[in-house]
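One letter stands for each residue in the lines below.
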Amino acid sequence: MKDDIRFIRARQRWSAGNRRRNTILTLIAVGLLCGALFLAGRFADEYHIRILNMVAIYITLAVSYNLINGITGQFSLEPNAFVALGAYSASLMTMTPLEKEMNFIIDPCVPWLAHVCVPFLPAIIIGGLTAAIFALLMGFPVFRVRGDYLAIVTLGFGEVIRVVANNMQTVTNGPLGLKGIAMYTDLRWTWGLALLTLFVIVRLVNSSYGRALKAIRENELAAESMGINSFRHKLLAFTLAAFFEGMAGAMLAHLITTISPMLFTFFLTFNLLIIIVLGGLGSLTGSVIAAIAFTWGSELLRAVEEPTNVFGWFTIPGIPGMRMVIFAVILIAAMLFWREGIMGRKEFSWQWFLGLFSGKHKGAKSI
Amino acid sequence: MAPLLETRNLTMRFGGLTAVDNFDLRLEQGELVGLIGPNGAGKTTVFNMLTGRLRPSSGSITLQTDGPVELVGLKPNRINRLGIARTFQNIQLLPEMSVLENVMMAWHGRLKSPFWAPILGLPSYRREEEAMIDGSLELLDRVDLLELADAEAGSLAYGQQRRLEIVRALATRPVLLLLDEPAAGMNPNETNDLMRIITEIRKDFSLTILVIEHDMKFVMGLCERLIVLDHGVTIAKGLPEEIRKNEQVITAYLGERRRAAD
Amino acid sequence: MTIHLFLQQLINGLGLGSLYGLIAIGYTMVYGILRLINFAHGDVMMMSTYFAFFGISVFALPWWAAALVAMALTALLGITIDQGAYRPLRRAPRISALITAIGVSFFLENVSLVVFGSRPRPFFRPEMFRPIWHFGGITVLSLTVYTILITLGLLVIVYVVVYKTRMGMAMRAVSKDMHTVPLMGIDLNRVIAFTFGFGSALAAIGGILWAMKYPQIEPLMGIIPGLKAFVAAVLGGIGNVFGAVLGGFILGITEIMLVAFWPELSGYRDAFAFLLLILVLIFRPTGIMGEDLPE
C-alpha cells in the first residue's frame, strides 16, 4: 500500500516540497530585515525610529489579536486591557525603589512592590504572564458557557482595568500614573518581540493545533464531534494572545516612559480591530501588512485634525476627533463591502513568492 | 457479555414536545443496525443524545469500553474520545480546508504533543504529524479520495463529501460509528459504492454501526437488525424481513406518504 | 444601618435599576432574536438625550413633546442602524455583525464628540421632577419615584406588546427558531425592524430620565450604562424582557447598597457589574429567568 505511487505523490504535494529551502529563504529575509533595521537605527531620525518601533509593536499586537479573533473566530475586545496590564506590571518591576518613592507622592507604594527592581527582560516576561493569568481567569468562565459573551466580558474588563488603575493608589499610583520609566525599548527589542510573536504563532497555526483552532472557527459542532476539546483550545488561543499582548504592553511602557490609566483606552483595541479586519480576519500575513500600512496611514491622517492650507487661498480648520470618525467609517465599510480584506484567509508562502518570478502563478495557499 | 452500547429509558423533551420517548437500545459488538422512521420521528435526536450534543431529559446511556461508562452529561469531544464517531445528516465538513486537512483534524483529539512541541519543532511532534499524514492518506485511499487530498473539501461532489465525512469519522478510531443518512442525495451507483465501502470498513476496523437511512434498498440490503421510530416512540424492532411486514410500520410510513402527497 | 437608611438606599437603587432595566430590554430583545450583542445600544441611548436636548433648547418644545420626538427619532435611528449596518450581514459569519456593531458604537460616540463637543451640557429637569419628597425619614427626589412608576407602567406595555400582539408573538417565535418563522408567513425583516425600534424607544426613555437625573449629558455617557444594562440582561436571563428589568433592579440596588455599606469601595463601583457578570457566567449562565434552550 505505502509504495503506491499516487500515495507518495499526494504526500509530497502536501508537504509543499522543500522545507529546507523555505527555512533558508526565511532566514535570509530575517537577515535583510535586521540589516535594514540596523541602518535605520544608525541613520534615521527620532521621528521615524519611533514609527518603526510602533510598527513592530502593532505587528505583535495585531498578530496575537488575530489568533483569537481571526484564526479561532472568537470575538474579543481585550488588547487594551492586556496591554495596560503588561505595561503596568513590567514598569513596576523595572522602576528603582528611588523612582517609586518619587512617583508615589500621594500614598507610598505598597511594601512588597516598593523594593522590587528587576532587569528589563524578566520584567517583560512578568508583563506577559500577568496578562496571561488574567486571560485564564476570564476565559475559564466565558468559554465554559457562552463564548458569545467574550466580547462584552473583555470590553468590561478594559473598563475595570481603568477603574482599578485609577483607584489602587498604592499599587498603580492612581490617576497620576507612572513617570520616568527607563527607556529600555529600542528597535532590537520591539522587532525582536515582533519576530518572536510571528515565529510562535505562525508555527502554532501551521500545526495540528492550528487546524483544530480553524476547525472550531469554521464548525464548532463538527470539531467537537471529532474529539477536539473546543474549550481548551479557545482558552489556549486567548491566553497565548494575552501573553504576547502583555509583553507588547511592557515594550510600549518602556518606549514612551510615562503611563497613566487614560492611555489604554478602547481606541487601541479599535485600531487593532481595523488592522486585522483590513488585513483579513484569519490571515497573519494580512495582519502584518495592515499593521505597517495602518501605522503609517494613521500618522498621515493626523492632517485632518490640523488646519490645512489649500493653495494659499484659504485654510480649512482641522477638526479634532475627526480621525476617530474616519476609523469608525473604515471599519464599518470594510465589514459591509470588503470583508475579505487584503489577504482574506490566505498566507504568504515562499512557494507562491517564487511562483511570481517563474511565471507559474498558482496563488497563495488558502487558510 | 454486556452489550457495547445500551440505553435505558432515553427521553428527550423540548418544552411540551416529547421528541424521543423511552428509547431502549442494545447494540452488540460488531452489529450493523438500522434506525428508521418517518421524518421528524426523532432519529437524529437519538444520535445527538448519544454523541453528547443534546443532554437527555432522562434516561441513561452506557458504553462498554474497558468497563461500563455512563455517557449522559459528557461533552461531545469526550464521547468521541471514548469511541463513538458520527456523520451528519447535513454534511458538516470544513469546506475551506483541504480534504487531507479535514481528515487530519480528526487526529488532533489523540495528539500527545503539547502545544509548544510544534512551536519548538520537537521530533516527537514531527513523528506524530508524519503518522497523521500517512494514516490520513491511507484512509483516503480506502474511499477513493486519495487523488483529491489537496482539493478544497467544499469543492467535492456531494457523494464524495459524504465519503469524506465517513473517513473523517473513522480517523478518530471509533468502536461505534453512527451514520446519519449516509446515502441521502446519492444516485444508485453512488449508493452501491457506499454500501460496499461500509461493508469493507466495518470488517477491517471491526466496527459496530448504527445507521439512519431512508433508502429502503440500502437499509434492507445492509442492516442486520432494524429499529423503527415514529413520533419519538419505538414502534418496532426486528429483522428487516419482519419489519417489512409489520403493520404498524407500514401505517407510519403510509401516513408519511399521505402527508407528503397533500 | 437604620431601617430608614435602608429604605432610602432601596428606593435609590430601584430608581437606578429602572434605568438599567429600560436600556437592558433593547439588548435582550435584539440578542434573543439575532444572537447579536448590539454594542451600539448604549450610544443609541446617548443620542436620544441629545435629540431631547436640542428639542428643548433649539426648537423650544415643551419637555414632554421633546421627549416624544426624541423617542421617535431614536427608534428611527435604531431601525436605520439595523437596516444599514446589520441587515447586509445576516448571512455572514456572526463575528462580522459583532465587529460592525462595535464600529457603529465607536462611530456614534466620535461623531457626537465632533458635532456636540466633549464638554458636558446641562440637561433640563422639568418642574414636576424637581421637588424633594419626604416619607417619614426618607428623602426622595420626585424624579426617582416617577422613574420607578414610569418603568413599571412601561413594563405593562411591554407585556402587552410581547404577549398580546401578533408582532410580539412573531418576536418570540423568531427568538425560539429564526428559520421556521418565514414559513409561518411572518416577514422576518419587519419583526427585526420592530424589535430595534421598540428597544431603542425604551432606551430613549431610559436615557432621558438618566439625563434628568444627573442632569447633564455628554457623548460618552452611554458606554458605562450600556455595559451595565447588558450585565442586567444576562443576569435576568438573556432574551427575557422581564428578566432584563429584574436584572436591572438587582444590579441597581446592589450597586447602591454596596457603596452605602462600604463607602471606601465607591471608586470601584463601575467594576462591580463586571464582577457580577463573571459570577453569573460561572454559577448561572442562563440567568435568573432564562430557560435552557436546545442548540
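Per-chain numbering applies: the sequence of each chain, read as written, is numbered from 1 onward. Chain letters start at A and ligand numbers start at 1, both assigned in the order the entries are written. Restriction of local features to residues with pLDDT of at least 70 applies here, the model being predicted, together with a cutoff of 80 or more for giving and counting side-chain atom pairs; totals for whole chains, interfaces and linings are based on all residues.

> Break down the overall build of chain A for me, with residues and values.
Strands are runs of DSSP state E lasting at least 2 residues, helices are runs of H or I lasting at least 4, and numbering of each runs from the N terminus. A tally of helices and strands in chain A yields 17 helices and two strands. Its C-alpha radius of gyration of 22 Å places chain A within 12% of the 21 Å reference for a compact globule of 367 residues. Projecting the C-alpha coordinates of chain A onto the three principal axes gives extents of approximately 75 × 60 × 40 Å. Throughout, a pair of residues is in contact if the C-beta atoms placed from their backbones lie within 7 Å. Partitioning the intrachain contacts of chain A with sequence separation of at least 6 by distance along the chain shows that 76% fall at a separation of at least 24. Only C-alpha atoms enter the radius of gyration; for comparison, a globular chain is expected to reach 2.2 Å times N to the power 0.38, where N is the number of residues.

> For the sheet that holds strand S7 (residues 176–180) of chain B, give the residues involved together with the corresponding values.
All names here are of chain B. The pairing criterion for strands is at least two bridges between them, as found by DSSP. Overall, mixed pairing links the six strands, which are arranged S6-S7-S8-S3-S9-S10 in an open sheet. Looking at which strands have only one partner, the edges of the open sheet turn out to be strand S6 (84–86) and strand S10 (233–238). Each adjacent strand pair in this sheet contributes to an overall mean axis angle of 20°, direction not counted. The pairing of strand S3 (residues 32–36) with strand S9 (residues 225–230) spans four bridges and is classified as parallel. Bridge pairing in S9 links Val-33 to Arg-225. To define axes, lines are fitted to C-alpha atoms, for helices over the stretch in contact only, and angles between the resulting N-to-C directions are given on a 0 to 180 degree scale.

> Report on the pairing of S9(B), specifying residues and quantitative values.
Residues and elements named next belong to chain B. Partly exposed residues are those whose C-beta has more than 12 but fewer than 20 other C-beta atoms within 10 Å; 20 or more makes a residue buried and 12 or fewer makes it exposed, with C-beta atoms placed from the backbone. The buried count for S9 comes to five of six residues, which makes it a mostly enclosed element. Relative to S10, S9 runs antiparallel, the two being bridged by five bridges. The partner of Ile-227 across the bridge, within S10, is Lys-237. Here S9 hands over to S10 after two residues, with His-231 in that stretch at a positive phi of 50°.

> I'd like a rundown of unusual backbone geometry, residues and numbers included.
Unlike most non-glycine residues, Glu181(B) shows phi in positive territory, near 50°. One can find Glu181(B) in the loop between S7 and helix H7 (188–204). In this model, Arg35(C) sits at a positive phi of 55°, which is unusual for a non-glycine residue. Relative to the elements of secondary structure, Arg35(C) occurs in the loop between helix H1 (3–34) and helix H2 (41–57).

> Please provide a residue-by-residue account of helix H3 (residues 63–86) of chain C, values included.
All names here are of chain C. Taking 1.5 Å per residue, 24 residues should reach 34 Å; H3 reaches 33 Å between its end C-alpha atoms and fits that length. Listing the buried residues of H3 in full gives Ala-66, Ala-67, Ala-70, Met-71, Leu-73, Thr-74, Ala-75, Leu-77, Gly-78, Ile-81, Asp-82 and Tyr-86. Those residues of H3 hidden inside the fold are in contact with H2, helix H4 (94–116) and helix H7 (188–213). Multiplying 1.5 Å by the helix residue count minus one yields the expected span of that helix.

> Could you give an account of the environment of Gly243(C), naming the residues involved and the relevant values?
Within the secondary structure layout, Gly243(C) lies in helix H9 (residues 241–261). Each residue touching Gly243(C), except ones within four places of it in the same chain, is listed here: Gly236(C), Gly237(C), Gly287(C), Ile288(C), Met289(C) and Gly290(C).

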